[in-house]
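Fold and geometry: a report
If you want the building blocks of each chain, they are given just below.
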Amino acid sequence: MESRNDPDGVTLSSHERLALWRIEAELRQDRRLARRLRRPGARPWLPLSVAALTCASLILLVAGILTSDKAVLWCLVALWPVTVLLAFRMLRRPTGVESRTRS
């Protein structure tokens, strides 16, 4: 193995390099850690989809009130829970609730 130096110029012994290699190998296999370390901008579709679904829900709400058409109301009934669920996921993500639920 080649010796690796850190920015301070400290050289690791072969035992330390092996231990570090094992730790890094375990961390690379941890998918939950990889999800947590992902950039916050990794899912730009979530805010856009929540905005689009909210607009569509409001349009269906107004159309349902004005027309009382059952098809429009059923579309609203189907769309509104999806909108609320995605909005909850979007608002919950930056607070770190997901990382605290599973330790």
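Read on for a plain summary of the structure. (Residues numbered from 1 in each chain as written. Predicted model: local features only at pLDDT ≥ 70, side-chain atom pairs only at ≥ 80, totals over all residues. Heavy atoms only, no water.)

1. Considerations on the side chain of T83
Residue position: T83 is located in helix 4 (residues 70-92). T83 gets classed as buried once you look at its relative accessible area, which sits at 3%. In terms of polar contacts, T83 uses its side chain to reach the side chain of S57, at 3.3 Å. At a separation of 3.0 Å, a polar atom in the side chain of T83 contacts the main-chain carbonyl oxygen of L79. (Helix = DSSP H or I, 4+ residues; strand = E, 2+ residues; numbered from the N terminus. Buried < 20%, exposed > 50% of the residue type's maximum accessible area, 1.4 Å probe, protein only. Polar contact = N/O pair within 3.5 Å; in protein donor to acceptor, adjacent residues only side chain to side chain.)

2. With respect to unusual backbone geometry
Of all residues except glycine, most have a negative phi; of all peptide bonds, most are trans. The backbone of S68 sits at a positive phi, close to 55°, despite the residue not being glycine. In this fold, S68 is placed in the loop between helix 3 (45-67) and helix 4. By relative accessible area, which is 53% here, S68 ends up exposed.

3. Regarding the nonpolar core
One finds L46, V50, L53, L60, V72, L76, L79 and L86 forming the largest nonpolar core, which totals eight residues. Listed by contribution, the elements that provide at least two residues to this core are helix 3 and helix 4. Residues in contact with L53, not counting those within four places in the same chain, are L79, V82, T83 and L86. (Core = buried A, V, L, I, M, F, W, Y, C linked by side-chain atoms within 4.5 Å. Contact = heavy atoms within 4.5 Å.)

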